Amino acid sequence: MKTRTPISIYILLTIGLTIMAFEMFAHDSGYFSSPFFWGLMLIAIILLLIMNSIGDLIENQNFTKLSEEEKIQYLKDKNISYFQKLWNSAFKKQSATEEKDILIDHGFDGITELDNSLPKWWIGLFYFGCIFCVIYLTAFAFTDYAHPEAELNHETKTMLASIEEYEKTAPQINLESAKYSADNIAEGQELFKTNCVTCHGDGAKGGIGPNLTDKSWINIKEKSLFKNVFWMLENGSPNNPTMRPLIKEGTITGRDAEKIAAYVYHINQEIAPITPAQGGAAPKGEVAHWENGNN
């Protein structure tokens, strides 16, 4: 009669498999704080303890049917710890007498080999790998677990929600508080494409609206280019109703205007202008002499 695996091993395996299942199938990663998770764990452990008690009864019943020699051998095996048995199964070498019992002689080629059983830890890892593979493939095929696109969408939604929450409490950006930052150029370019490219063309080269990359400006309301662009986005053009007050209308926020102004400042002051020969609109207005600085 073989000794049974300790109940503690089953409990650890159950906890590990349950956590793995929640990691793969639960939509909320905060399941550790869920009463459902801990209730499930408690029920599983109670069931394991009940099964272990039933196993003890069956084991005691079978023990009474053993001969005296078998009882002595069984008690001797039971006194060896579970992990010691795993270690022995992996590394303990058999005696010369034991080797004779498992020796295989091919006969025709003079080669002999030992018919050793695979170590229990190896067999355990093999079956664990098979079970994990089935669970993982099932989760991958039928849930969003391990899908890069689903993870990206989830992270994007989380990021946008945090930005929206931040916008609720963050101080509003106005003409006085707006400041230039090179970190805003990339986002400002995207906002420009969404709100301004229809009139001002790709890269702000001009079209219905003026070329924003050259040195000539129709409306000069502020001493710095950055502030002037922000003023135009807030108040619109007094000379052309097509250039609407986007901030006051609610089309963009002050923070969006700060980013668009950073982008326009960048393409006007930090890179070469798009000339008419390159497809840009001809200069309109007067040459602006901006103060040094971008705030």
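This section reports on the structure supplied with the text. (Residues numbered from 1 in each chain as written. Predicted model: local features only at pLDDT ≥ 70, side-chain atom pairs only at ≥ 80, totals over all residues. Heavy atoms only, no water.)

**Remarks on helix α8 (residues 185-195)**
- Considered for burial, the residues of α8 that qualify are I185, G188, L191 and F192. Buried residues of α8 fall within an arc of 115 degrees about the axis and therefore sit on the same side. Exposed residues on α8 whose side chains face more than 90 degrees from its buried face are A186 and T194.
- On the buried face of α8, the contacting elements are α9 (197-200) and α12 (254-270). (Buried < 20%, exposed > 50% of the residue type's maximum accessible area, 1.4 Å probe, protein only. Helix = DSSP H or I, 4+ residues; strand = E, 2+ residues; numbered from the N terminus. Arc of directions from axis to C-beta. Contact = heavy atoms within 4.5 Å.)

**Re the packing of helix α1 (residues 7-25) against helix α2 (residues 35-63)**
- Axis separation between α1 and α2 bottoms out at 10 Å; the angle between their running directions is 150 degrees. Taken as axis vectors, α1 and α2 run roughly antiparallel relative to one another. Crossing hand, α1 versus α2: right-handed. Counting all contacts with α1, which are made through I7, Y10, I11, T14, I15, T18, I19 and F22, the residues of α2 involved are F36, F37, L40, M41, A44, I45, L48, L49 and N52.
- When its residues are assigned to classes, the contact of α1 with α2 shows 14 nonpolar, three polar and no charged. (Axes fitted to C-alpha atoms, helices over the stretch in contact; angles between N-to-C directions. Parallel < 35°, antiparallel > 145°, perpendicular 65-115°, else oblique. Left-handed = near helix turned anticlockwise from the far one by under 90°. Nonpolar A, V, L, I, M, F, W, Y, C, P; charged D, E, K, R; others polar.)

**Brief notes about empty space enclosed by the protein**
- This structure, assessed with the given rule, holds one cavity of 30 Å³ or more.
- Looking at the largest cavity, its volume works out to about 40 Å³.
- E167, A170, P171, Q172, I173, T253 and R255 are the residues that line the largest cavity.
- Split into classes, the residues belonging to the lining of the largest cavity amount to three nonpolar, two polar and two charged. (1 Å grid on protein atoms, 1.4 Å probe; cavity = no way out; pocket = protein on both sides within 12 Å on 5 of 7 lines; lining within 4 Å. Points joined across faces, edges and corners; volume = space filled by probe spheres on them.)

**A look at the state of the cysteines**
- The tally for this structure, following the rule as stated, stands at zero disulfides.
- With no disulfide of its own, C196 lies closest to C199 among cysteine sulfurs, the gap being 8.5 Å. (Disulfide = S-S within 2.5 Å.)

**Here we look at the packing of aromatic side chains**
- Applying the stated criterion to the full structure yields 15 aromatic pairs.
- Both rings, one in F32 and one in F37, keep their centres 5.4 Å apart while their planes meet at 75 degrees; by these two values the pair is edge-to-face.
- For the ring pair F63 and Y74, a centre distance of 5.7 Å and an interplane angle of 50 degrees mean the geometry is tilted. Here F63, found in helix α2, pairs with Y74, found in helix α3 (residues 68-78); they are 11 residues apart in sequence, far enough to count as distant.
- Judged by its relative accessible area of 4%, Y74 is buried.
- Ring pairs connect the aromatic residues F22, F32, F36, F37 and W38, which therefore count as one cluster. (Phe/Tyr/Trp six-rings, centres within 6.5 Å; stacked < 30°, edge-to-face > 60°.)

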